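Descriptive analysis of the structure
The residues making up each chain are set out below.
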Amino acid sequence: MRGLPPLAIAVATAALLTCAACSGTSGPASGAHTPTTRTTTAAAGPFTLTRGQGFDRSGAFTSLMTCDDPRDYSPGLNFVNVPTGTAELALTMVDLDIHKIHWLQLGIPARAHGISAHHLLPRAREALNDFGEATYDGPCPPRGSTHRYQLTLYALHEPMPTAFDGSTPPAQTLQEIKRRAFASAALVAPYTRH
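None of the values given here were measured: they were computed from a predicted structure.

1. Observations regarding the sheet that holds strand β5 (residues 114-115)
Read from one edge of the open sheet, three strands run β1-β2-β5, paired in antiparallel fashion. Of all the strands in the sheet, just β1 (48-51) and β5 have a single pairing partner and so form its edges. Here two bridges tie strand β2 (residues 77-80) to β5, and the two strands are oriented antiparallel to one another. By the bridge assignment for β5, L77 is matched with I115.

Encoded structure:
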């Protein structure tokens with residue numbers, strides 16, 4: 001501002017102070033910062049869990065991922081737009097019709113974009129489910145019936161302690177996952193057993 005008349009300096013200074021004071025508002029004087037943040041958020045989209053391997057065209061489980069196949073593989077899943085600030089992810093699968101926990105997976109890296117069928121990512125671990133196993137137990141409704149299974153991916157603000165493992169009661173593990181979660185994404189997949 002050297003060489004400007006005193007009045008011009010005063011006007012320029014007042015304009016800078018006004019702009020600095022309004023930078024936290026959403027008005028036009030807030031500059032590019034707020035709109036850029038909004039654009040980035042909008043472009044990223046919502047935190048989403050989608051089906052991968054192990055589901056048919058209708059979205060139902062294929063028999064390979066159920067008790068009707070001796071392999072009973074866990075399904076493949078895709079993660080989209082994991083929130084910033086996620087320490088790690090946790091995955092659950094619950095039978096909505098009888099409220100049984102089929103799967104609890106902890107320690108999934110926050111940078112993961114999904115999991116392949118019948119695959120555990122490095123550092124991830126499975127916790128005890130309602131069938132007394134620290135593994136995936138696929139859909140297994142009574143013959144002739146359909147059950148709905150909710151898969152939920154949780155973004156945790158802090159990692160689950162290693163004490164939550166193959167000996168912790170499943171309901172306690174699920175409660176602790178929900179306590180540490182700040183975001184979640186879910187899908188529901190049916191399975192009809194013939």
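2. Observations concerning the confidence of the model for the protein chain
Confidence in the prediction for the protein chain averages 84 pLDDT; 78% of positions are at 70 or higher. Note that pLDDT drops below 50 for residues 1-43; the model gives that stretch 13 contacts with residues more than four away or on any other chain.

3. Considering the environment of A185
Counting through the fold element by element, A185 comes out in strand β8 (residues 181-193). The sequence separation of A185 and T50 amounts to 135 residues, and the corresponding C-alpha distance is 9.0 Å. Look past the residues within four positions of A185 in its chain and what remains in contact with it is F47, T48, L49, L151, T152 and L153.

4. Here's the deal with the nonpolar core
Counting 25 residues, the largest nonpolar core has L49, F61, L77, F79 and L151 as the members making the most contacts within it. Of all elements in the fold, only β2, β3 (88-95), β4 (100-109), β7 (145-156) and β8 reach the threshold of two or more residues within this core. Ignoring any residue separated from it by four or fewer positions in sequence, one finds L151 in contact with L49, F55, F61, L77, T92, M93, W103, A185, A186 and L187. Counting residues in hydrophobic clusters, the runner-up holds twelve residues, among them L104, L106, A127 and L156.

5. Some points on the state of the cysteines
For the coordinates displayed, the defined rule picks out one disulfide. Note on cysteine connectivity: C67 is disulfide-linked to C140, with sulfurs 2.1 Å apart. Of note, the bridge from C67 to C140 carries an S-S torsion of about 85 degrees and is right-handed in sense. A residue pair is termed long-range when its members are at least 10 positions apart, and C67 in the loop between β1 and β2 and C140 in the loop between β6 (125-126) and β7 qualify at 73 residues.

6. Points about the environment of R125
Take R125: it is sitting in strand β6. Excluding residues that lie within four positions of it along the chain, R125 makes contacts with L104, Q105, L106, G107, L120, M160, P161, T162 and F164. Among the polar contacts made by the side chain of R125, one reaches the main-chain carbonyl oxygen of M160 at a distance of 3.4 Å. In this structure the side chain of R125 is engaged in a polar contact, spanning 3.4 Å, whose partner is the backbone oxygen of F164.

7. Quick notes on the packing of aromatic side chains
Applying the stated criterion across every chain yields a total of three aromatic pairs. Taking 4.9 Å as the distance between ring centres and 80 degrees as the angle between the ring planes, the aromatic pair formed by W103 and Y136 counts as edge-to-face. Residue W103 is located in strand β4, and its partner Y136 is located in the loop between β6 and β7; the two are separated by 33 residues in the primary sequence. According to the relative accessible area criterion, W103 is buried, its value standing at 0%. In this structure Y136 comes out as buried when scored by relative accessible area, which is 5%. A cation over an aromatic ring shows up here: R51 above the ring of F55, its NZ or CZ 5.7 Å from the ring centre.

8. Here we look at the sheet that holds β3
The strand order across the open sheet built from five strands is β6-β4-β3-β7-β8, with neighbouring strands paired in antiparallel fashion. Where the open sheet ends on each side, the last strands, each with one partner, are β6 and β8. This element, helix α3 (residues 170-180), spans β3, β4, β7 and β8 of the sheet and lies at about 45 degrees to β4.

Scoring rules and cut-offs
- Residues numbered from 1 in each chain as written.
- Predicted model: local features only at pLDDT ≥ 70, side-chain atom pairs only at ≥ 80, totals over all residues.
- Heavy atoms only, no water.
- Pairing = 2+ DSSP bridges.
- Helix = DSSP H or I, 4+ residues; strand = E, 2+ residues; numbered from the N terminus.
- pLDDT = per-residue confidence, 0-100.
- Contact = heavy atoms within 4.5 Å.
- Core = buried A, V, L, I, M, F, W, Y, C linked by side-chain atoms within 4.5 Å.
- Buried < 20%, exposed > 50% of the residue type's maximum accessible area, 1.4 Å probe, protein only.
- Disulfide = S-S within 2.5 Å.
- Polar contact = N/O pair within 3.5 Å; in protein donor to acceptor, adjacent residues only side chain to side chain.
- Phe/Tyr/Trp six-rings, centres within 6.5 Å; stacked < 30°, edge-to-face > 60°.
- Lys NZ or Arg CZ within 6 Å of the ring centre and 35° of its normal.
- Axes fitted to C-alpha atoms, helices over the stretch in contact; angles between N-to-C directions.

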